Amino acid sequence: MNESTALSPQSPQPSAAIRRLGVFVGNWRVEGQSYAEGQIPADPRASAVPWVSDESYEWLPGGFFLLHRWDATAGTYAFKGTEIIGYDESEQRYYSRFFDNAGNHATYKVAVDGNTWTFSEAMTRATATISDDGSRIVFNWEWQPRGTGWLPLCERSARRTGAAGRI
């Protein structure tokens, strides 16, 4: 067999579902409010403190997973972390694995409907609504502290500060 007819292994290629995560790729400046510290169910937004963060989303080598990093301040609390977002082809669903500087770690089920992405696990959930032009994301997080019903955790707006990227 000559070189022109030899079989060569094909590199796996990310599916359309995986490529859809590209809407997040880039650098973001995020501002809003966080309510967790000192929150009371009777007035869940009374404990508001400012949230400011710089965040980035980038493809890991191969383009199958998205790496999300953040460096935030919520009031006087430094909040840093990493998240990996992917798509399970066999289950046909998105997921996220989250780790932060307070030792928290969670696995989120992720779904998308149009421009709105939802992240959910037993104690926290969020929506991320992306503007039609991809320049902004509005995040609304909720949580269930100490057996209460769902309460607002933080409300944030992200503005793209760096180039978008697709695989």
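Rules behind the numbers
Residues numbered from 1 in each chain as written. Predicted model: local features only at pLDDT ≥ 70, side-chain atom pairs only at ≥ 80, totals over all residues. Heavy atoms only, no water. Helix = DSSP H or I, 4+ residues; strand = E, 2+ residues; numbered from the N terminus. Contact = heavy atoms within 4.5 Å. Lys, Arg positive; Asp, Glu negative; His and termini not counted. Charge placed at Lys NZ, Arg CZ, Asp CG, Glu CD. Salt bridge = Lys/Arg side-chain N within 4 Å of Asp/Glu carboxyl O. Buried < 20%, exposed > 50% of the residue type's maximum accessible area, 1.4 Å probe, protein only. Pairing = 2+ DSSP bridges. Axes fitted to C-alpha atoms, helices over the stretch in contact; angles between N-to-C directions.

### Description of the overall build of the protein
Consideration 1: The secondary structure content of the protein amounts to one helix and ten strands.
Consideration 2: Starting at the N terminus, the α and β elements of the protein follow one another as α-β-β-β-β-β-β-β-β-β-β.
Consideration 3: Here the C-alpha coordinates of the protein stretch approximately 75 × 35 × 30 Å along the principal axes.
Consideration 4: Here the contacts in the protein between residues at least 6 apart in sequence split such that 41% fall between residues at least 24 apart.
Consideration 5: In the protein, 16 positive and 19 negative side-chain charges are present, and the distance between their average locations comes to 1 Å.

### Structural notes on the pattern of salt bridges
Consideration 1: This model, assessed by the stated rule, comprises seven salt bridges.
Consideration 2: Arginine 45 is the salt-bridge partner of glutamate 155, the closest N and O atoms lying 2.5 Å from each other. Taken together, the residues glutamate 155 in strand β10 (residues 151-160) and arginine 45 in the loop between β1 (26-34) and β2 (49-59) connect sequence positions 110 residues apart.
Consideration 3: Using a relative accessible area of 25% as the deciding quantity, one classes glutamate 155 as partly exposed.
Consideration 4: Among the residues examined, arginine 45 registers a relative accessible area of 43% and is labelled partly exposed.
Consideration 5: Close ionic contact of glutamate 91 with arginine 93 constitutes a salt bridge, the shortest N to O distance being 2.8 Å.

### Observations concerning unusual backbone geometry
Consideration 1: In the Ramachandran plot, glutamine 92 falls in the positive-phi region, its phi being about 50 degrees despite a non-glycine side chain.
Consideration 2: Looking at the secondary structure, you find glutamine 92 in the loop between β4 (77-88) and β5 (93-100).

### Some details on the sheet that holds strand β8 (residues 124-130)
Consideration 1: If you trace the ten strands once around the closed barrel, you get β1-β2-β3-β4-β5-β6-β7-β8-β9-β10, paired in antiparallel fashion. Between one strand axis and the next, the sheet turns by 20 degrees as a mean value, whatever way the strands run.
Consideration 2: As paired elements, β1 and β2 share nine bridges and run antiparallel to each other. Within β2, the position partnered with glycine 32 by the bridge is tryptophan 51.

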